[in-house]
Amino acid sequence: THFGYETVTEGEKQERVAGVFHSVAESYDKMNDLMSLGVHRLWKDHFVSSLNPGATNPPGRPQRILDVAGGTGDIAFRMLQRAHEFHGNPNVHVTISDINPSMLAVGRQRSLVLPASHQSSLSFLEANAEILPSSLKDNSLDLYTVAFGIRNFSNVLAALREAHRVLKPGGVFACLEFSKVDKYPLLNAIYKQWSFSAIPLIGQLVAADRDSYQYLVESIERFPSQEDFRDMIVDAGFAVAGEGYEDLTGGIAAIHRGIKP
Ligand code: SAM
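Predicted model, so just to flag it, every value in this text is computed and none were measured.

Colleague: Which residues make up the packing of helix α3 (residues 39-51) against helix α4 (residues 74-86), and what values do they have?
Modeller: The N-to-C vectors of α3 and α4 enclose an angle of 45 degrees; their axes lie 10 Å apart at closest approach. By the angle class used here, α3 and α4 are oblique. Here the hand of the crossing between α3 and α4 comes out right-handed. Taken together, the residues of α4 that come into contact with α3 (itself represented by His40, Arg41, Lys44, Asp45, Phe47, Val48 and Ser49) are Asp74, Ile75, Arg78, Met79 and Arg82.

Colleague: Break down the packing of helix α8 (residues 185-207) against helix α9 (residues 210-222) for me, with residues and values.
Modeller: Direction vectors running N to C along α8 and α9 enclose 155 degrees, while the axes themselves pass 7 Å from each other. Taken together, the axes of α8 and α9 lie roughly antiparallel to each other. When you trace α8 past α9, the crossing you get is right-handed. Contacts from Tyr191, Lys192, Ser195, Phe196, Ile199, Pro200, Leu201, Gly203, Gln204 and Ala207 of α8 reach α9 at Arg210, Tyr213, Gln214, Val217, Ile220 and Glu221. Per-class residue counts for the contact of α8 with α9 are 9 nonpolar, 4 polar and 3 charged.

Colleague: So what about the sheet that holds strand β5 (residues 167-178)? Which residues, and what values?
Modeller: The strands making up a sheet associate through hydrogen bonds between their backbones, and the pairing can be parallel or antiparallel. Reading across the sheet, the 7 strands line up as β3-β2-β1-β4-β5-β7-β6 and stay open at both edges, with mixed pairing between neighbours. Across the chains shown, the open sheet's two edge strands, defined by having one partner strand only, are β3 (122-126) and β6 (245-248). Here the strands of the sheet are splayed against their neighbours by 15 degrees on average, with no regard to which way each runs. As judged from the 4 bridges shared by β6 and strand β7 (residues 253-259), these two strands associate in the antiparallel manner. Each bridged residue has a counterpart across the sheet, and for Leu248 the counterpart in β7 is Ala253. Packing against the sheet, α4 makes contact with β1 (63-68), β2 (92-98), β3 and β4 (141-147), and its axis sits at approximately 180 degrees to β2. Against the sheet, helix α7 (residues 156-166) makes contact with β4 and β5, and its axis sits at roughly 145 degrees relative to β5, the strand it touches most.

Colleague: Help me get a handle on the environment of Phe196, residues and values and all.
Modeller: Within the secondary structure, Phe196 is located in helix α8. Between the C-alpha atom of Phe196 and that of Val217, which follows or precedes it by 21 residues, the distance is 6.8 Å.

Colleague: I'd like a rundown of the nonpolar core, residues and numbers included.
Modeller: In this structure, Trp43, Val94, Leu122 and Leu176 are the most contacted members of the largest nonpolar core, which totals 31 residues. Mapped onto this core, the elements with two or more residues apiece are α3, α4, β2, β4, β5 and β7. Looking at which element gives the most residues to this core, the answer is α4, with 6 residues. In terms of nonpolar packing, the next biggest core, distinct from the first, is built from 25 residues, Ala129, Tyr144, Ala163 and Phe238 among them.

Colleague: So what's going on with unusual backbone geometry? Which residues, and what values?
Modeller: Negative phi is the rule for most residues except glycine; trans is the rule for most peptide bonds. In this chain, Asn57 is followed by Pro58 through a cis amide linkage whose omega measures 0 degrees. Even without glycine at this site, Phe148 takes up a positive phi of about 50 degrees. Phi is positive for Ala208, close to 50 degrees, though the residue is something other than glycine. With respect to the helices and strands, Ala208 occurs in the loop between α8 and α9.

Rules used throughout
- Sequence order as written defines residue numbering, which begins from 1 separately in each chain.
- Residues qualify for local features only when their pLDDT is at least 70, as the model is predicted, and side-chain atom pairs are given and counted only at 80 or more; totals for whole chains, interfaces and linings, by contrast, use all residues.
- Excluding hydrogens and water, the side-chain figures rest on all heavy atoms present in the structure.
- Under this scheme, a helix contributes an axis fitted over its contacting stretch, all axes are lines through C-alpha atoms, and angles between N-to-C directions fall in the 0 to 180 degree range.
- Each helix is a run of DSSP H or I of at least 4 residues and each strand a run of E of at least 2, with the numbering of both proceeding from the N terminus.
- Oblique is the label for any angle not under 35 degrees, not over 145, and not in the 65 to 115 range, which are roughly parallel, roughly antiparallel and roughly perpendicular in turn.
- For any pair of crossing helices, the crossing counts as left-handed if the nearer helix is rotated counterclockwise from the farther one by less than a right angle, and right-handed if it is rotated clockwise.
- Contacts between residues were defined by any pair of non-hydrogen atoms, one from each residue, lying within 4.5 Å.
- Following the grouping adopted for this structure description, the nonpolar residues are Ala, Val, Leu, Ile, Met, Phe, Trp, Tyr, Cys and Pro, the charged ones are Asp, Glu, Lys and Arg, and the polar ones are all others, Gly among them.
- Pairs of strands are assigned from DSSP output, requiring at least two bridges between the strands.
- Nonpolar cores are built from buried Ala, Val, Leu, Ile, Met, Phe, Trp, Tyr and Cys residues. Side-chain atoms within 4.5 Å join them into one set.
- Accessible area is worked out with a 1.4 Å probe on protein chains only. A residue is then buried under 20% of its type maximum, exposed over 50%, and partly exposed in between.

Put into structure tokens, the structure is as follows:
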């Protein structure tokens, strides 16, 4: 395949991912809506409301959140909305980190229309999730989120270990990612048809970039199953409750959660 990883090194993968997100940054939000028929918004809403940022005991306690591969801000903006408006907790701070300056630039631009109090609780950090900077101290964060980002990392286990390092004991790792629809063969067949035929075509027609969207589809295909990814989270030192994951839309996406003991 065009972006087949079998023979590429970690460094080459990182370069290709950089190229993909540099080329899709401007069209990224529109393409997400088209490719998922708007459903990514529901998944993101559910992800954030299930994490419930800002709900502290006692109320109003500070929380430090890192949204890794935060791209254009979809998760971070929702978390600030939830914490500040829904819970009336303005002491929640979210850092959006991403390896790609073009994605961060779009996020920064989009954040300008947020209320001033949300903007002042938001910061941006250019960083590789696999080697977070030392400014992110050990045991310093309450919540680490990563949405539709981790499958692009060259070394997923290194990123999970970094998540474990920066979280406080009791802190939560939460990941929203495309996953496997193996439990529903009919849905799986329709979904595969959509992924491999429609998405690259939409990429070509709307963003004039078939290759980047072909890469996105292939990266979903290569990502581990719900159970295998859960096992990696446990290997990185997290504790999980129950199965450790929740399927969304039959497993097209899944939420994984781990707690640092
Ligand atoms: N979280 C956002 C969302 O849900 O809309 C953006 C997801 S976007 C599909 C994936 C992001 O992962 C891109 O912005 C890309 O730059 C970022 N990324 C890829 N590799 C990374 C790495 N090693 N460290 C940090 N971010 C990375």
